[in-house]
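# Architecture and fold: a report
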Amino acid sequence: MARLNLWRWGVLTLAGLYFLVPLAASVVFTVDVPGQGVTFDAYRQIVSTPGFGSGLLLSLELAAATIVVVLLLMVPATVALRLDASRLRPVVEVVCSLPLVVPPIAFVAGIATVLKWGPDHLSRTPLFQTFVAIQNQDFPVVLVLAYVVMALPFVYRSLDAGLRAIDVRTLVEAARSCGASPAQALVQAVLPNLRGALLNASFLTLALVLGEFTVAQLLGFTPFAVWIYSVGGSQAQLSVAVSVLSLLVTWALLLSLAVLGGRSRTAAKG
């Protein structure tokens, strides 16, 4: 037992060093200015740098829209798989796993091809305006659609794990026996028991959207991750400072998620 504990602490120590040493080096790079000593000017400049607010706001808006769409799509689908459509589970698992095996470059190339093909062939149809609207720079719906596809593997696994921990069929049948409609049974009986899974799925989707670069860059949009890259071209220290700040925000969200999940489990036990 002592050897096993020693091995665990050794693995945890190596993992901690693997993550903390690069982070510490990044922090030192942002605050140590040759000839000036330690200064936090890079962090003070973040708020005043052009594009910071708009890029962060756009990423948060895209994340919120992606979370809503992917949950509205996957929650009913995963519940149906647990109830009456279990034979479709292999198909759904394969479809939801495809974003993990398709390279982002190939994925965005396909999107760009469709966006280019649409206006050329549908210029005289009402769908032409649809292709224009989904590429609005203020809120590119096409990015939401792309992020929904990219988030499918993570959301599906989170929801599936949550549904495995509860008796969905009994909950739905009990709600229906009390006069609830299928939608009411889903909202009032199933969803309260999926709070932890929903939080996990939402957090993973948020982290994906905040950190996604390839699709947004190649399609010509400027959310937060692309803004960080553009700033790094001329202000390397500021770019690293923004990256460190975004990482700390992500960790804060993770800790908040852990606290919320712990509270929900405590309330359920009580």
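This report concerns the structure included in the present document. (Residues numbered from 1 in each chain as written. Predicted model: local features only at pLDDT ≥ 70, side-chain atom pairs only at ≥ 80, totals over all residues. Heavy atoms only, no water.)

## A word on the packing of aromatic side chains
- By the definition in use, this model includes five aromatic pairs.
- An angle of 10 degrees between the planes, with centres 6.0 Å apart, marks the rings of Phe224 and Trp227 as stacked. Residue Phe224 and its partner Trp227 are both found in helix α12 (residues 224–232); the two are separated by three residues, about one turn of the helix. Of the two residues examined, Phe224 and Trp227, each falls in the buried class.
- Among the aromatic side chains, those forming a connected cluster through ring pairs are Phe52, Phe224 and Trp227. (Phe/Tyr/Trp six-rings, centres within 6.5 Å; stacked < 30°, edge-to-face > 60°. Helix = DSSP H or I, 4+ residues; strand = E, 2+ residues; numbered from the N terminus. Buried < 20%, exposed > 50% of the residue type's maximum accessible area, 1.4 Å probe, protein only.)

## Some words on the pattern of salt bridges
- Using the criterion set out here, one finds two salt bridges in the structure.
- The residue Asp160 makes a salt bridge to Arg89 at a minimum N-O spacing of 3.0 Å. Remark: Arg89 occurs in helix α4 (residues 89–101) and Asp160 occurs in helix α7 (residues 141–164); sequence separation between them is 71 residues.
- Under the relative-accessibility criterion, Asp160 is labelled buried at 6%.
- Close ionic contact of Asp160 with Arg164 constitutes a salt bridge, the shortest N to O distance being 2.8 Å. Of this pair, Asp160 and Arg164 both sit in helix α7, four residues apart, roughly one helical turn.
- The network of salt bridges with common partners includes Arg89, Asp160 and Arg164. (Salt bridge = Lys/Arg side-chain N within 4 Å of Asp/Glu carboxyl O.)

## Topic: the environment of Val226
- Tracing the backbone shows Val226 in helix α12.
- Assessed through its relative accessible area of 5%, Val226 is described here as buried.
- Measuring from C-alpha to C-alpha, the distance between Val226 and Ala216 comes to 7.1 Å, with 10 residues separating the pair along the chain.
- With sequence-adjacent residues up to four places away left out, Val226 is seen in contact with Phe213, Ala216, Gln217 and Phe221. (Contact = heavy atoms within 4.5 Å.)

As far as function goes, none of this settles anything; it's purely spatial.
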